[in-house]
Amino acid sequence: MFWVRDIETLLPEKLKELQVSLLDKTVKQAIKSPFYHKKLGEQGLTGISSLEDVNSLPFTEKEDLRSAFPYGFLCTELKEAVRLHSSSGTTGNPTVIFHTRKDIDEWANLIARCMYMTGATESDVFQNMMGYGLFTGGLGFHYGAEKLGMLTIPIGPGNSKRQIWFMKEFNVSVVHILPSYALRLQSLLREMGLDRKRDLPHLRIAYVGAEPHSEAMRKKIEKSLDVKAYNSYGLSEMCGPGVAFECEEQNGLHLWEDSFYMEIIDPETGKVLPEGEEGELVLTTLNREAMPLIRYRTRDLTRIMPGACPCGRTHRRIERIKGRSDDMLIINGVNVFPIQVERVLMGIPGIGTNYVIEVKKDKFMDKLYLKVEVDNKAFKGTLRDMEILEERVTEELKAELSVTPKVKLVESASLPVTEGKAVRVYDLRNT
Amino acid sequence: MAEHISIFVENKIGKLESITRVLSSKNINLRGLSVASSRDFGIIKILPDDVEKAYNVLAEEKFTVQKRKILVVEITDRVGSLHDCLMVLKDSGINVEDCYGTVINKTSRAVIILEVEDIPSAQEALKDGKGIRILSEKEIAGL
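Computed from a prediction, not measured in an experiment: that's the story for all the values here.

So, the overall build of chain B: which residues are in play, and what are the values?
For chain B, the count of helices and strands is five helices and eight strands. Reading the helices (α) and strands (β) of chain B from amino to carboxyl end gives β-α-β-β-α-β-β-α-β-β-α-β-α. What you see for chain B is a C-alpha radius of gyration of 16 Å, in line with the 15 Å of a compact globule of 143 residues. Referenced to the eigenvectors of the C-alpha coordinate spread, the extents of chain B come out at roughly 40 × 35 × 25 Å. Counting the 143 residues in chain B, one finds 31% classified as buried. Put simply, of all contacts in chain B between residues at least 6 apart along the chain, 68% involve residues at least 24 apart.

This is the structure:
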């Protein structure tokens, strides 16, 4: 089902023409911000006239967003902006993204396009279990679902009993859910003495995103809940969800090339790679007013899948995200950088310099484990002091990360010391 | 001032033995020992015959270790004597942070090791206690 057939099936040559004109418009809009005014002005760039010209545009990094906090990227007057979103779990300044009314509307349209593509219609009842607020997952889907015309239940995350009650009472047919939570749902139903087929007979579609998951995990979700699970990709810097989405073929995510210009680069050299090769996804917004971003380095690793999709859409597909080119961890949808952990630990007296981060699956949920060496010089010798120290580490990390870690104090000099770059992060979720 | 040694250990098999192995290899004798544990870790306190040597040996072996000031008090080995001693401290408003004891072989005396916040006040309070005597460092070493 096509939300906007002529755009979704636009011939590749026409799509490229459209991209050139939108890229030129984007560059001209971006220059209105202090950051790009300086950055592009230095190179004398005022626009582009071909896709080859994109190569001359500079990359934009997450660090740039932080350094230009708060308004360095804003291209419109503040009165034109109607919303900001901010990414969770960042070091130093948060990254803040602004939207005009038109930006919000375009974004809602993209999400509606994604959901319509998977067969959702205005007759569906949609339960949005993603977090509302600064995080884009909740509000993004909410606006899209309303745009599509679905009855939308803005329940947000948590409180499983209430989730299931709403699903049952309102014949919910479509949900937006964290993959880890989707896997838990079946056992929660059973605990409540409910039967998926009998009590939730209408449930048929689950949108899963916000955290990378494997094909095996999708299959597991589909089997345990007897739904079609569609992978969603997005990042708040581009808008949020709605950047790329699976069609009913469930084989790669169509990246909306009328809204984003994509490149795959070698994360080491920055060189653009040929179609089909794996590298870091770099995106340029094509329609944004408040805050266009040029060649933004997402740090997400994927590749463009060559060839046409049987669904008829011409927008090229990316493979599900393979990992990150930096060390960011995504814990139940929340971004966590190991450096944040380190900064918190180094600020606590009594804690040594060595630590190990482990991420594991615990009852289908991600759990952050932390082994922290105590500083033998600061050791006072009482049990109570150590208990207080452990509580303090847990509380300070929780405040910084928005994730509650399981902290374990260990003896000084007991963790392995590595030569050169220390390996401190062990992601054991897929082992 | 008398001291004993506090060691931070993870709560896992073989931890206590790793300490006793180091101490016995250096010919260090223990007069007293206590273990307190939380969920994942614990604190082992030992009163060795040679505190300085034991501390250095354990620190060299990379144990997380600290010396702490204590009072070592000799009391009569009979029902109620520890109670009497603790009542003296309580009446003087002195909080006991940690306490463990040992009985001296072939005598009618017992020894308790006390960690208190305010050692001088505790010394003062215990000074006149009946059947209570604070041991000197030399006496502790000779236990």
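Now, about the environment of L255 of chain A: what can you tell me, with residues and values included?
Residue and element names in this part refer to chain A. Structurally, the position occupied by L255 is in strand β9 (residues 253-255). Residue class for L255 comes out buried when judged on the 21 C-beta atoms lying within 10 Å of it. Separated by 16 residues in the primary sequence, L255 and K271 have C-alpha atoms spaced 21 Å apart. Excluding residues that lie within four positions of it along the chain, L255 makes contacts with V243, A244, F260, M262, H315, R316 and I318.

Describe the packing of helix α5 (residues 101-117) of chain A against helix α6 (residues 136-148) of chain A, and please don't skip the residues or the numbers.
All names here are of chain A. Running from N to C, α5 and α6 point in directions that differ by 70 degrees, and their axes come no closer than 7 Å. Comparing their axes, α6 and α5 come out roughly perpendicular. Touching I104, W107, A108, N109, I111, A112, M115 and Y116 of α5 are G140, F141, Y143, G144, A145, K147 and L148, all from α6. Considered class by class, the residues forming the contact of α5 with α6 number eleven nonpolar, three polar and one charged.

Tell me about the sheet that holds strand β21 (residues 425-427) of chain A, and please be specific about residues and values.
In a beta sheet, neighbouring strands are held together by backbone hydrogen bonds and run either parallel or antiparallel to one another. Residues and elements named next belong to chain A. If you trace the four strands from one edge of the open sheet to the other, you get β20-β19-β18-β21, paired in mixed fashion. Among the strands making up the open sheet, the edge pair consists of β20 (406-410) and β21. On average, each strand axis in the sheet is tilted by 15 degrees relative to the strand beside it, whichever way the strands run. Bridge analysis of strand β18 (residues 351-362) against β21 gives three bridges, and the strand direction is parallel. Looking across to β21, one finds that V359 is bridged to D427. Across the sheet, helix α11 (residues 338-346) touches β18, β19 (365-374) and β21, and the angle it forms with β18 is around 140 degrees.

Hey, could you go over the interface of chain A and chain B for me, with residue numbers and the actual values?
Taken together, the contact between chain A and chain B spans 15 residues of the former and 16 residues of the latter. For the side of chain A that touches chain B, the secondary structure elements donating two or more residues are α12 (383-401) and β20 of chain A. Grouping the amino acids of the side of chain A that touches chain B by side-chain chemistry returns seven nonpolar, four polar and four charged.

Account for the environment of F35 of chain A, naming residues and giving values.
Residues and elements named next belong to chain A. Following the sequence through the fold, F35 ends up in helix α3 (residues 34-42). Sequence separation of F35 and L65 is 30 residues, and the distance between their C-alpha atoms is 9.0 Å. Non-local contacts of F35, meaning those with residues more than four positions away in its chain, are made with D64, A68, G72 and F73.

Residue-level account of the nonpolar core, with values.
Counting 89 residues, the largest nonpolar core has I111, A182, A206, V243 and F260 of chain A as its most contacted members. With sequence-adjacent residues up to four places away left out, A206 of chain A is seen in contact with V175, I177, A182, I221, L225, V227 and A229 of chain A. In terms of nonpolar packing, the next biggest core, distinct from the first, is built from 58 residues, M386 of chain A together with L58, F63 and L114 of chain B among them.

Could you give an account of unusual backbone geometry, naming the residues involved and the relevant values?
Residues and elements named next belong to chain A. A cis geometry characterises the amide bond from F69 onward to P70, with omega recorded as 0 degrees. Mapped onto the elements, P70 comes out in the loop between α4 (62-67) and β1 (81-86). Positive phi, normally seen in glycine, also occurs at N171, with a value near 50 degrees. Judged by the 13 C-beta atoms lying within 10 Å of it, N171 falls in the partly exposed class. Although it is not a glycine, R299 sits at a positive phi angle of roughly 70 degrees. As for its position among the elements, R299 is in strand β12 (residues 296-302). Taking the number of C-beta atoms within 10 Å as the measure of exposure, R299 has 19 and is therefore partly exposed.

Please give an account of the sheet that holds strand β6 (residues 96-103) of chain B that cites residues and values.
Residue and element names in this part refer to chain B. Across the sheet, four strands lie side by side as β6-β7-β5-β8; this open sheet has antiparallel pairing. The sheet is open, and its two edges are formed by β6 and β8 (133-134), each paired on a single side. Here six bridges tie strand β5 (residues 71-76) to strand β7 (residues 109-116), and the two strands are oriented antiparallel to one another. From the neighbouring strand, E74 faces β7, where its bridge partner is V111. Contacts from helix α3 (residues 81-91) reach β5, β6 and β7 within the one sheet, and its direction differs from that of β5 by about 135 degrees. Together, β5, β7 and β8 form the strand contacts of helix α4 (residues 119-127), whose direction differs from that of β5 by roughly 20 degrees.

What counts and what doesn't
Residues numbered from 1 in each chain as written. Chains lettered and ligands numbered in written order. Predicted model: local features only at pLDDT ≥ 70, side-chain atom pairs only at ≥ 80, totals over all residues. Helix = DSSP H or I, 4+ residues; strand = E, 2+ residues; numbered from the N terminus. Rg over C-alpha atoms; globule rule 2.2 N^0.38 Å. Buried ≥ 20, exposed ≤ 12 C-beta atoms within 10 Å, placed from the backbone. Contact = placed C-beta atoms within 7 Å. Axes fitted to C-alpha atoms, helices over the stretch in contact; angles between N-to-C directions. Parallel < 35°, antiparallel > 145°, perpendicular 65-115°, else oblique. Nonpolar A, V, L, I, M, F, W, Y, C, P; charged D, E, K, R; others polar. Pairing = 2+ DSSP bridges. Core = buried A, V, L, I, M, F, W, Y, C linked by C-beta atoms within 7 Å.

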